[in-house]
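Chain by chain, the residues run as shown.
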Amino acid sequence: MAEEKTIEIEVLRYRPTEDSEPVAETFEVPFTYDTSVLQGIQYIKDYLDGSLAFRWSCRMAICGSCGMMLNGEPRLACNSFLRNYYPGKLTIEALKHFPIEKDLVIDASDFINKLESITPYIDASEPRSLDEGEYLQTPRQKARYDQFSACINCMLCYAACPQYGLDTGFTGPGILALLHRYNADSRDGARDKRMEIVNAEEGVWGCTLVGYCSEVCPKEVDPAKAVNLNKVNSTMDYFLRFVSPKKGASQ
Amino acid sequence: METVKTDLVIIGGGGAGLRAAIAAAETDPSLHVTLLSKVYPMRSHTVAAEGGAAAVTQEHDDLEYHFDDTVAGGDWLCEQDVVDYFVNNARRELTQMEHWGCPWSRRDDGHVNVRSFGGMKIDRTWFAADKTGFHMLHTLFQTSIKYPSIHRLDEHFCCDLVVDDEHVQGAVTIDIATGRFVFIHAKAVIIATGGAGRVFRQNTNGGIVTGDGMALAYRHGVPLRDMEFMQYHPTCMPGTGLLFTEACRGEGGFLLNKDGYRYLQDYGLGPPDPSPRNKAMELGPRDRLSQAFWHEYQKGNTINGPHGHYVNLDLRHLGKRKLLERLPQIYEMAVEYQGIDPAETPIPVLPAVHYTMGGIEANGKTGSRLAGLYSVGECSSIGIHGANRLGSNSLTELCVFGKVAGEEAAAYAQSTEHRKTDSVQNIAGDIQRRVEDIVSSTDGTERIADLRDEMMKSMEDGCGIYRTAEEMQATCDKLASLRERYKRINIEDKSGPWNTEQLLALELGYLLEVAEAVVHSAFHRKESRGSHQRLDGFEERDDENFLKHSLAFYDGDSAPRIEYSDVTVTKSKPGIRAYGAAGEQAELDRKNEGSADG
């Protein structure tokens, strides 16, 4: 188990002050059975090239920092293991569909701006004082949004989404899942406001049902499901507008 | 240098910093609040907290029980008035988190559910499966977006505090994406930068947990208090140190030695009931459990693995369904990282450094001896953890004292003016030049990774679960030489944007200074208390001489100066700290003695 082998890692580098476009650089990295890709990159930084830039922190697939393309697939580096790429070569690139700031670091501002724009917090349907205690929410009510609250904002689904690749105006899988997380929460009352984002051209209707977003999600959030639920909601909204103005579907 | 003028700057965007920002914004929406974080806030290490947050919740529970558990759990080194405030406000603050959308796990009737946790007499730990910190952090981050007066500076690294004539006046930061320096000119500063677990080799902490704020306050004359108390969490992944939450044991998990024996019964924690019994066996406090591991290792009862000796965390009897409902992340980690299905096979675990009990000296309201400077969360020593923190007290601490810090700093900012721009600009400029000198130096010979690894190894040798003067002295000497070598640090990357090598070098500087505070505080504490245990003639607690907080003062290139301050004792006299059946007897004796006193 502790037997050490060496794997070839090709990193697509981009140094904004030197390179006009990304260039590939190859490193030889020692590993054992349980060496993660993240540990492999850390080895490069520690001993082979101190200028290599990448984001990381928790090492346990919960902080969402270390998303990157591993042999063309969007993955977290911390819970991917070098043994699974050996004896072949591992190619590492920055997450697809985002501008690169340096090496494996992408510009996340589009994602952050979108997150900020969807009212990503409880806008209470029935405001309650702290003295009244907690809102009651049964496990069944909680289950309606539970899965969608597990998003770690790693943005792998954006790198997987062909639609986002074509048009970054598309709200995109992760944020639509987060939006649905709040709409489906029994404590919330801001659904109407958020449905405007859902109904817009850049909202759920931008999705072309590829479903790769859910496949790459490391947390089983299933953003494609959130998008589909909202296509139904959006359709209902559309028709209900004729029946009773200002009232959309409740679920 | 670009200057941002703000009323209040919060350094650190984890749970404590976000809670403080929201409190400040609610206190006075006209205040300009700057929230500075070296990562996007939702990456902060609060995200990795698993088990839960404590607050007296059930009918048969009592604030006095939570107080007693906390103070005895901390081996009486707690500020008792602060613990009182803490337990009294815990439930209200967790309810606030609920109103903000935190997906707490629920009972069938819709009320928030609670689980057992180590050292807690009654089940009082609120939880969101085994991702409590993750959910709290995202809830706070997303809620903070509601407040227009909170101005975030994401991915800005703090280089130093600007202190002008004994008043803190903000901070100098590097905008990581561009490498440009930004001076945040503020009337008040809250440090909320988390712990310093990365001074140790095997630890549960994220890469960002490098003691930045502690080192900054320390350099400016604020002492670091009780730094010798580093928490070893008993159940971590061999090699990486990743955490398997205490909730594994709260839900009924067993710790087994190489013979499949629940060895904790041999260390005053029995009897070994088949299901969880609060404050006994696997639900004893973390310091005791980590110490028991050490003894088992000495006896040859641990199992030798590729990443050192380990014991087994057995969750098999909980069944796959319960594991997936209550401990989904633990399940996932065991499968992904260790190739183990915990429903079928016990998980190999060992103790690893988890939490920094000490920190920046703070009064009960998060203030410090430096005018305008506040601290909150793991970086701070407000006094509730003493010599050993109980699991699930720190997430609650973020909420309770994050709010206090935000309110206090807001009030201070309201009552004061920015100091003269010229003089603070000069100070900020000096800081920038000093940092630039470190990067631009071309004669560096020392590799960052070498110094870091030597520091971590030495800390583990000298400041482990059990300590001796000889080993601690060796670590003191080693750190002194590492600090000297640090002056010749080599940074290959001379560029501006995303120069993370430069940031690693600055973080290493913080780590080395904080590590020195830890080992020197430990060396001078000639007793055993909580997580500080000695084998060299100081095996007992010594209340006569050491019922005191240790204070480490920065002294330039020299070793820190160690002084002491009194511990506030209000209603709980230091007593026998016992768990299991012995603990129940001791509690009974205390009660009888109390009633005999009248």
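Rules behind the numbers
Residues numbered from 1 in each chain as written. Chains lettered and ligands numbered in written order. Predicted model: local features only at pLDDT ≥ 70, side-chain atom pairs only at ≥ 80, totals over all residues. Helix = DSSP H or I, 4+ residues; strand = E, 2+ residues; numbered from the N terminus. Buried ≥ 20, exposed ≤ 12 C-beta atoms within 10 Å, placed from the backbone. Contact = placed C-beta atoms within 7 Å. Nonpolar A, V, L, I, M, F, W, Y, C, P; charged D, E, K, R; others polar. Core = buried A, V, L, I, M, F, W, Y, C linked by C-beta atoms within 7 Å. Pairing = 2+ DSSP bridges. Axes fitted to C-alpha atoms, helices over the stretch in contact; angles between N-to-C directions. pLDDT = per-residue confidence, 0-100. Parallel < 35°, antiparallel > 145°, perpendicular 65-115°, else oblique. Left-handed = near helix turned anticlockwise from the far one by under 90°. Expected span 1.5 Å × (residues − 1).

A. Expanded view of the overall build of chain B. Of the regular secondary structure elements, chain B holds 16 helices and 24 strands. Along the first, second and third principal axes, the C-alpha set of chain B runs to 70 × 50 × 50 Å. The buried share among the 598 residues of chain B stands at 61%. Here the contacts in chain B between residues at least 6 apart in sequence split such that 76% fall between residues at least 24 apart.

B. Looking closely at the interface of chain B and chain A. Opposite the 48 residues of chain B that make contact, chain A presents 45 residues. Of all the elements in the fold, those that place two or more residues in the side of chain B that touches chain A are α3 (80-99), α4 (132-144), α9 (328-338) and α14 (500-524) of chain B. Among the elements that take part in the side of chain B that touches chain A, α3(B) stands out by supplying 5 residues, more than any other. Residues of the side of chain B that touches chain A, tallied by class, amount to 20 nonpolar, 17 polar and 11 charged.

C. Fine view of the nonpolar core. All names here are of chain B. If you look at the biggest cluster of nonpolar residues, it comprises 260 residues, and the most contacted ones within it are Leu 8, Ile 10, Val 189 and Ile 190. With 14 residues, the single largest contributor to this core is α14. In this structure, Ile 190 is in contact with Ile 10, Ile 11, Ala 20, Tyr 374, Ser 375, Val 376, Ala 405 and Ala 409, ignoring residues within four places of it in sequence.

D. Region of interest: helix α6 (residues 173-183) of chain A. Residue and element names in this part refer to chain A. The element α6 is largely enclosed, with a buried count of 11 among its 11 residues. When we look at burial in α6, the residues that qualify are Pro 173, Gly 174, Ile 175, Leu 176, Ala 177, Leu 178, Leu 179, His 180, Arg 181, Tyr 182 and Asn 183. The inward-facing, buried residues of α6 contact α2 (109-117), α3 (139-146), α4 (156-160), α7 (191-199), α8 (212-216) and α9 (223-243).

E. Fine view of the environment of Ala578(B). All names here are of chain B. Counting through the fold element by element, Ala 578 comes out in the loop between β24 (561-566) and α16 (580-597). Residue classification places Ala 578 among the partly exposed residues on the basis of 19 C-beta atoms within 10 Å. Beyond its immediate sequence surroundings of up to four residues, Ala 578 is in contact with Gly 268, Gly 583 and Ala 586.

F. Region of the structure containing the sheet that holds strand β5 (residues 90-93) of chain A. Residues and elements named next belong to chain A. The 5 strands lie next to each other as β2-β1-β5-β3-β4, forming an open sheet whose pairing is mixed. Pairing within the sheet leaves two strands with one partner each, and these edge strands are β2 (23-31) and β4 (73-76). Direction aside, neighbouring strands of the sheet carry axes that sit 35° apart on average. Where helix α1 (residues 37-48) meets the sheet, it contacts β1 (5-13), β2 and β3 (67-70), and its direction lies at approximately 105° from that of β2.

G. A look at the confidence of the model for chain B. Of all residues in chain B, 99% attain a pLDDT of 70 or more, and the chain-wide mean is 96. Confidence metrics for the complex model read pTM 0.97 and ipTM 0.97.

H. Structural detail: the confidence of the model for chain A. In the predicted model, chain A carries a mean pLDDT of 94, and 96% of its residues have values of at least 70. Scored below 50 in pLDDT, residues 247-251 of chain A makes 11 contacts in the model with residues more than four places away or belonging to other chains.

I. The pairing of strand β8 (residues 156-164) of chain B, seen in detail. All names here are of chain B. Counted residue by residue, β8 has 8 buried out of 9 residues, so it is predominantly covered. Inspection of the sheet shows β8 paired to strand β9 (residues 167-175) by 7 bridges, in the antiparallel sense. Bridging from a neighbouring strand, Val 163 pairs with Val 168 of β9. Linkage of β8 to β9, two consecutive antiparallel strands, is achieved through a turn of 2 residues, within which Asp 165 is found at a positive phi near 50°.

J. Quick look at the packing of α6(A) against α7(A). All names here are of chain A. Taken N-terminus to C-terminus, the directions of α6 and α7 make an angle of 155°; their axes are 10 Å apart at the nearest point. The angle between α6 and α7 places the two elements in the roughly antiparallel class. Handedness of the crossing formed by α6 with α7: left-handed. Contact residues: Leu 179, Tyr 182 and Asn 183 in α6; Arg 191, Arg 194, Ile 197 and Val 198 in α7. Considering only residue class, the contact of α6 with α7 consists of 4 nonpolar, 1 polar and 2 charged.

K. The environment of Ser116(B), seen in detail. Residue and element names in this part refer to chain B. Structurally, Ser 116 is set in the loop between β5 (114-115) and β6 (125-126). Remark: the alpha-carbon pair of Ser 116 and Ala 247, spanning 131 residues in sequence, is separated by 7.3 Å. Other than its neighbours up to four places away in sequence, Ser 116 contacts Asp 123, Gly 250, Pro 276, Asn 278 and Leu 283.

L. Representation of the sheet that holds strand β18 (residues 359-361) of chain B. Residues and elements named next belong to chain B. Judged by pairing direction, the sheet is mixed, and its 5 strands sit side by side in the order β20-β18-β12-β23-β24 without closing on themselves. Of all the strands in the sheet, the pair left with one neighbour each is β20 (380-381) and β24. As judged from the 2 bridges shared by strand β12 (residues 224-225) and strand β23 (residues 548-553), these two strands associate in the antiparallel manner. Residue Arg 225 lies in a different strand from β23, and its bridge partner there is Leu 551. The strands that α14 touches are β12, β23 and β24; relative to β23, the one it contacts most, it runs at about 135°.

M. Quick look at α4(B). Taking 1.5 Å of rise per residue, the 13 residues of α4(B) would be expected to cover 18 Å, and the 18 Å separating its terminal C-alpha atoms lies within 8% of that figure. Burial analysis of α4(B) places 13 of its 13 residues in the buried class, the great majority of the element.

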